[in-house]
Amino acid sequence: MYAGLGIILATILFNASLNAVGFSLAELFVQIPQFTDALGEYFPPTTYYGVPFVDVMQYWNFIVSENLFAASQITIAIAIAGTILGLPGALFFGIMASERVVPYPFNFAFRSTMSLIRAIPALVWVLILIPLGGVTPFTATLAIMIDTTGYLGRLFTDELEEIADGPIEGIQSTGANKSQIVSFGMLSQVFRQFIAWIAFDLEHNVRVAIGLGLIGAGGLGLELDIQRKTFHYTEMMACILLVVLLAGSVELLSQRVRSYLRDDDEIEETGILEAIITAPKKIISSTAGRRERWVVMYIESHGPTRIDSLSPEPTLQDPVYITESELGTWTDIRSYARVNESTIGDYSYVMERVQLDYTTVGKFVSIAADARLGPTNHPITRPTAHHFSYRTSMFDLGTDDETVFEWRADQPVTIGHDVWIGHGATILPGVDIGNGAVIGAGAVVTDDISPYTVVAGVPAEIIRRRFPPETAARIESTEWWHWDHETLSERITAFRDLEIFLERYASSDSMAK
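Just so you know, these numbers come straight off a predicted model, no measurement behind them.

The rules behind each value
Residues numbered from 1 in each chain as written. Predicted model: local features only at pLDDT ≥ 70, side-chain atom pairs only at ≥ 80, totals over all residues. Heavy atoms only, no water. Axes fitted to C-alpha atoms, helices over the stretch in contact; angles between N-to-C directions. Helix = DSSP H or I, 4+ residues; strand = E, 2+ residues; numbered from the N terminus. Parallel < 35°, antiparallel > 145°, perpendicular 65-115°, else oblique. Contact = heavy atoms within 4.5 Å. Nonpolar A, V, L, I, M, F, W, Y, C, P; charged D, E, K, R; others polar. 1 Å grid on protein atoms, 1.4 Å probe; cavity = no way out; pocket = protein on both sides within 12 Å on 5 of 7 lines; lining within 4 Å. Points joined across faces, edges and corners; volume = space filled by probe spheres on them. Buried < 20%, exposed > 50% of the residue type's maximum accessible area, 1.4 Å probe, protein only. Polar contact = N/O pair within 3.5 Å; in protein donor to acceptor, adjacent residues only side chain to side chain. Core = buried A, V, L, I, M, F, W, Y, C linked by side-chain atoms within 4.5 Å. Left-handed = near helix turned anticlockwise from the far one by under 90°. Pairing = 2+ DSSP bridges.

What follows covers the packing of helix H3 (residues 56–65) against helix H13 (residues 233–261). Here H3 crosses H13 at 80 degrees, and the two axes come no closer than 9 Å. Comparing the axis directions of H3 and H13 gives the class roughly perpendicular. Contacts from Gln58, Tyr59, Phe62 and Ile63 in H3 reach Thr234, Glu235, Met237, Ala238, Cys239, Leu241 and Leu242 in H13. For the contact of H3 with H13, the residue count by class is eight nonpolar, two polar and one charged.

Let's shift gears to the layout of surface pockets. Estimates place the volume of the second largest pocket at around 640 Å³. Taken together, 22 residues line the second largest pocket, and the ones lying closest to its centre are Phe364, Trp480, Leu488, Ile492 and Phe495. No other element matches helix H17 (residues 485–490), which puts three residues into the lining of the second largest pocket. Its residues assigned to classes, the lining of the second largest pocket comprises 15 nonpolar, three polar and four charged.

On to the side chain of threonine 141. Relative to the assigned elements, threonine 141 resides in helix H8 (residues 137–161). A relative accessible area of 14% places threonine 141 in the buried class. A distance of 2.8 Å separates a polar side-chain atom of threonine 141 from the backbone oxygen of proline 137. Residues in contact with threonine 141, not counting those within four places in the same chain, are Ile78, Ala81, Gly82 and Leu85.

One finds Leu68, Trp125, Ile144, Val206, Leu212 and Leu220 to be the most contacted residues of the largest nonpolar core, which totals 36 residues. Where this core is concerned, the elements lending two or more residues are helix H2 (25–42), H3, helix H4 (68–96), helix H6 (122–128), H8, helix H11 (191–217), helix H12 (220–229) and H13. Among the elements that line this core, the one with the most residues is H13, at eight residues. If we ignore the near neighbours within four places in the chain, the residues touching valine 206 are Thr75, Ile76, Ala79, Leu246, Ala247 and Val250. Ranked by size, the runner-up nonpolar core spans 28 residues in total, among them Ile344, Val413, Ile421 and Ala460.

Attention shifts here to the packing of H4 against H8. The interhelical angle for the contact between H4 and H8, taken along N-to-C directions, is 40 degrees, at an axis separation of 6 Å. When the interaxial angle is binned, H4 and H8 end up oblique. Classified by chirality, the crossing of H8 by H4 is right-handed.

Okay, the sheet that holds strand S19 (residues 444–445) next. Within the open sheet, the six strands sit side by side as S4-S7-S10-S13-S16-S19. Their pairing is parallel. Edge positions in the open sheet fall to strand S4 (321–323) and S19, since each of these has one partner strand only. Here strand S13 (residues 372–373) pairs with strand S16 (residues 426–427) via two bridges, running parallel. Bridging across to S16, leucine 373 finds its partner in isoleucine 427.

Right, let's talk about H12 for a bit. Of the residues making up H12, those classed as buried are Leu220, Gly221, Glu223, Leu224, Asp225 and Gln227. Those residues of H12 hidden inside the fold are in contact with H3, H4, H11 and H13. Just beyond H12, the residue with positive phi is phenylalanine 231, at close to 60 degrees.

This is the structure in structure tokens:
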């Protein structure tokens, strides 16, 4: 029933629209002969070696005589300048309009501004800006700048609304401020998409610049309008061909940029001219379904099997490099980690490419990939800091200087229990990290860290405390990290709720016992 009503309504609207515009098949047939006569001027005939062909030299001579290449440069300049000038506004409004950054309904003011900009076409913006400089390339550039702010800003907002929550929560967990969360937790996720949309908008703005030229704003569109008004169809076609070449070249360049930014897509390697020549063949092949493409597919498993269970015996995911070190039970050492003269406590894990030198790691410690604990110092008070002065035998220069290695071993790093060390963090020699501390990703820790504090930055500074001091003291007093495996199993549910844990194992009564 509803489908039938929809068809009837669409038919009524279609008929009303035809009547409103005065569309008539009879009128179309009446005008066809006139259009057919004009085609002889659009495509002036000639012969090449006796073969009938279009006189392309008439197009070329007009393009050269009127210096249309210079006009094309003006069109490109309008598009590029307008796009770049509009980028700051687009980025500002795009971020502020996102409900992830500015809560509703305050973000609605920025969304409304962009909607207003988009509601007014660039051509109308030129007319509005006439008092500033007439209908010129200057006002055309300003119009595209405003248009870019509205359209590109909306695309930026849509991208920000689709990002994952994980990286944002990770940045928030370090106590980062709002600007840091936006920069490192949000914009970092959409950088590629932003660049792709900028390339697409530049492609769009080239077409807009051509259209603005038709109302007198300069460039190739202006020359096309002049030839239209004088009914010089051959010259019009020369302008149209140049428009197609200009817009097509920018579109191919934009498509190439967007393809490069998509890791999962095949990147075209052909040049622009080759792409133009081979385009018809590719279109036909694509239509016939014969063009080779990578197909998106579900992959259940590829590469080494992920470790889903551990055992009391340490798990080593080769290749790992361990020298003169001790590993506790239920530990997990991931690929390409290096552990040198260090101790790793029970249940602690070390992710990929972590390096530990002269470090004591407590129990239940989580060390993210690419972290460096106890990076070995060089003796910079010597004439040279190069290690040939103490790894002498390596260079066949004599015996090694063991005092340097003893000096390094005398600056151990000590990591307490239940510590989380973020991706790429560096803990310098001689530093002690207290129980329950959190080290932010990329932090460089130069001084001791108190228990249950969250630090980040270079050098690392306290961002906040993980728990209020009284709560932290109650948790630490339980020394739960020393509970045996059976006790942990019995009490596992309490580790999922802070209040339950404190009530059962860190209350005043239990602490007294």
